[in-house]
Amino acid sequence: MTASYDVIGIGNAIVDVIAPAPEGFLEEMGIERGIMQLIERDRAETLYEAMSERVEAPGGSVANTLAGIGALGLSTAFIGKVRDDALGQFYARTMEGAGTAFPNPPKAADLPTSRSMIFVSPDGERSMNTYLGAGADLGSQDVPDVFGGGGILFLEGYLFDKDEGKTAFARAASRMKEAGGRSAITISDPFCADRHRDDFQRLIREDMDIAIGNAAEWTTLYQTDDIEQALDRAAEHCRTVVCTRSGQSVWIRTEGERIDVPVRQVRVVDATGAGDQFAAGFLFGLASGRDAATSGRMGVVCAREVIGHIGPRPAVDVADLFRAEGLI
C-alpha cells in the first residue's frame, strides 16, 4: 500500500553546521555576507576547520520546513539523498527520530553527504557556504511512491543547481498531480532565481499552485525593481503567491485577493531558518484547511519564534504560540 502524508518535501539533504562569525571574520575568510554561496569540497573543509562553537543538525531548507510542520502535528516525509557515511547516517536517523519520514536510506554514492557552513553575524544575519555533495545528485530514480494520499508537495529552489534535481521534481510533481494534491515552491535565494529564471518562471506558470519568495527573489526572478509588478506577473498564473519582506508585512496574492499580513518587530538572534519556518506555518495552515490570511499569520508566528534563538527549527511548542494569537 502506498504511504500517505500531509506534506511531502523534496530537496537537498544537507547537514547544517552553524557557528558565530565575529566582526571581521567574513571579510578575512572571503565570505560574502547574507547570501548562499556554492563551494567546492576543498573550500568546505577549510571553512569547517575555521569554525568555532560548531552546532550540527540535519538541515536543508525544505527539511527544516517539514520539521516545523511535523512539530505541529501533520504527517511529513522528506525525499532526499545521503551517502552511507557518518553524516548521512546521522541525517537519516535524526530526521526519522524527529518524526519526518526519510524514505530513501543512506546508500553508496560518489560524493560525501552534503553540508552547509552557516556563519551567524552579531546582528543575526546568516551567510551560508554550501557544499552540495551527494544531495544534489537526487534524480527521478530516487523519488519513492509516497503520493497516494495527495496533500502538498514542497520544492526548494536550491535543488535546481543540477539537472538531476529538475528531473526528480518533475516526477514528484506529476505524481502529486495524479493524486489530486497541490505543489508549492520556495525560490530559496536571489542567485537561484537568476541562475534558473526560465525554469522557475515555467514552473510557476505551468505546475505550481503555491509560490513563496522574498522581495529580492521575486524582483530578481522577473527582472524588475517593482515588487508589485513582479508579484502581479506571478499571480497571473499561480493560485497563491507569497512575498516575505524582512521584518515588514507579508504580501499574499491569492485568486485575485490581496492580503497584507502584519509583522511584529522583535530582536533577531539568528535569521537562519526564518523563511523555512514561515513556510512551515503557512503550509501547515493551508494543509489543515485554513484560509490564506490565517495561514500567513501562522507563518509570521513561526518565523518570529525561530529568529529569537540559534538554529533553524522551533525551540518551543509553536502550537502554544498559535493559541496565544487566537489562531487555533
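Residues numbered from 1 in each chain as written. Predicted model: local features only at pLDDT ≥ 70, side-chain atom pairs only at ≥ 80, totals over all residues. Heavy atoms only, no water.

> Which parts of the structure should I look at to understand the packing of aromatic side chains?
Think of a pair of aromatic rings as described by two things: how far the centres are apart, and how the planes are tilted against each other in angle. According to the stated counting rule, one finds 8 aromatic pairs in the structure shown. A centroid spacing of 5.9 Å and a plane angle of 15° characterise the contact between Phe278 and Phe282, whose relative ring orientation is stacked. Placement of both Phe278 and Phe282 in helix α10 (residues 274-287) is noted, with a separation of 4 residues, approximately one turn of the helix. Here the aromatic cluster, defined as three or more aromatic residues joined through ring pairs, consists of Phe78, Tyr91 and Phe102. The ring of Tyr48 has Arg54 lying over it, and the distance from NZ or CZ to the ring centre is 4.1 Å. The ring of Trp251 carries Arg245 above its face, with NZ or CZ at 3.8 Å from the centroid. (Phe/Tyr/Trp six-rings, centres within 6.5 Å; stacked < 30°, edge-to-face > 60°. Helix = DSSP H or I, 4+ residues; strand = E, 2+ residues; numbered from the N terminus. Lys NZ or Arg CZ within 6 Å of the ring centre and 35° of its normal.)

> I would appreciate a short explanation of unusual backbone geometry in the present structure.
Phi is mostly negative for residues that are not glycine, and the peptide bonds are mostly trans. One non-glycine residue, Glu53, lies in positive phi territory at about 55°. With a phi close to 85°, Ser188 is a non-glycine residue in the positive phi region. When you line up the elements, Ser188 lands in the loop between β10 (182-186) and α6 (190-195).

> I'm lost on the UniProt feature "domain: Carbohydrate kinase PfkB" (unreviewed entry) in the protein in this one. Help?
When the UniProt feature table is mapped onto this chain, "domain: Carbohydrate kinase PfkB" (unreviewed entry) is found at residues 46-314. In residues 46-314, helix accounts for 39% and strand for 21%; the two terminal C-alpha atoms are 30 Å from one another. (UniProt positions renumbered as here; feature names shortened; annotations may be inferred.)

> What is the right way to read the pairing of strand β5 (residues 76-79) from this model?
The side chains of a regular strand alternate, residue by residue, between the two faces of the sheet. The two faces of β5 match: Thr76 and Phe78 on one face and Ala77 and Ile79 on the other face are all buried. As paired elements, β5 and strand β6 (residues 100-101) share 2 bridges and run parallel to each other. Considered in β6, the bridge of Thr76 is made with Thr100. (Buried < 20%, exposed > 50% of the residue type's maximum accessible area, 1.4 Å probe, protein only. Pairing = 2+ DSSP bridges.)

> Got a minute to help me understand the packing of α10 against helix α11 (residues 292-306) in this structure?
Two numbers describe how α10 lies on α11: the axes approach to 7 Å, and their chain directions differ by 150°. The handedness of the crossing between α10 and α11 comes out as right-handed. Of α11, the residues touching α10 (which contributes Ala274, Gln277, Phe278, Gly281, Phe282, Phe284, Gly285 and Leu286) are Ala292, Ser295, Gly296, Met298, Gly299, Val300, Cys302, Ala303 and Val306. Within the contact of α10 with α11, the residues separate by chemical class into 11 nonpolar, 6 polar and no charged. (Axes fitted to C-alpha atoms, helices over the stretch in contact; angles between N-to-C directions. Left-handed = near helix turned anticlockwise from the far one by under 90°. Contact = heavy atoms within 4.5 Å. Nonpolar A, V, L, I, M, F, W, Y, C, P; charged D, E, K, R; others polar.)

> I would appreciate a short explanation of the packing of helix α3 (residues 61-71) against α10 in the present structure.
To characterise two packed helices, one gives the angle between the axes of the helices and the distance between these axes. The interhelical angle for the contact between α3 and α10, taken along N-to-C directions, is 50°, at an axis separation of 8 Å. Judged by the inter-axis angle, α3 sits oblique to α10. Considering how the two elements wind past one another, α3 and α10 form a crossing that is right-handed. Of α10, the residues touching α3 (which contributes Ser61, Asn64, Thr65, Gly68 and Ile69) are Asp276, Gln277, Ala279, Ala280, Leu283 and Phe284. By residue class, the composition of the contact of α3 with α10 is 5 nonpolar, 5 polar and 1 charged. (Parallel < 35°, antiparallel > 145°, perpendicular 65-115°, else oblique.)

> Is there a simple way to think about the sheet that holds strand β4 (residues 55-59) in this case?
Sheet strands associate in pairs through backbone hydrogen bonding, adopting either a parallel or an antiparallel arrangement. The sheet built from 5 strands is open, its strands ordered β3-β8-β7-β2-β4 with mixed pairing. Unpaired on one side and paired on the other, β3 (36-38) and β4 mark the two borders of the sheet. Neighbouring strand axes in the sheet, compared pairwise and without regard to direction, differ in orientation by 25° on average. Together, β2 (14-20), β4, β7 (114-120) and β8 (126-131) form the strand contacts of helix α2 (residues 41-50), whose direction differs from that of β7 by roughly 45°.

> How should helix α9 (residues 227-235) be read in this particular structure?
Since the α-helix turns once every 3.6 residues, residues separated by three or four places project in the same direction. Within the span of α9, buried status applies to Ile227, Ala230, Leu231 and Ala234. In a view along the axis of α9, the buried residues occupy a sector of 95°, so they form one face of it. On its buried face, α9 is in contact with α7 (197-206), α8 (215-221), β12 (240-245) and β13 (248-254). By the N-cap criterion, in which a side-chain oxygen at the helix start approaches the backbone nitrogen of a residue two or three places on, α9 is capped by Asp226, the distance to Glu228 being 3.0 Å. (Arc of directions from axis to C-beta. Polar contact = N/O pair within 3.5 Å; in protein donor to acceptor, adjacent residues only side chain to side chain.)

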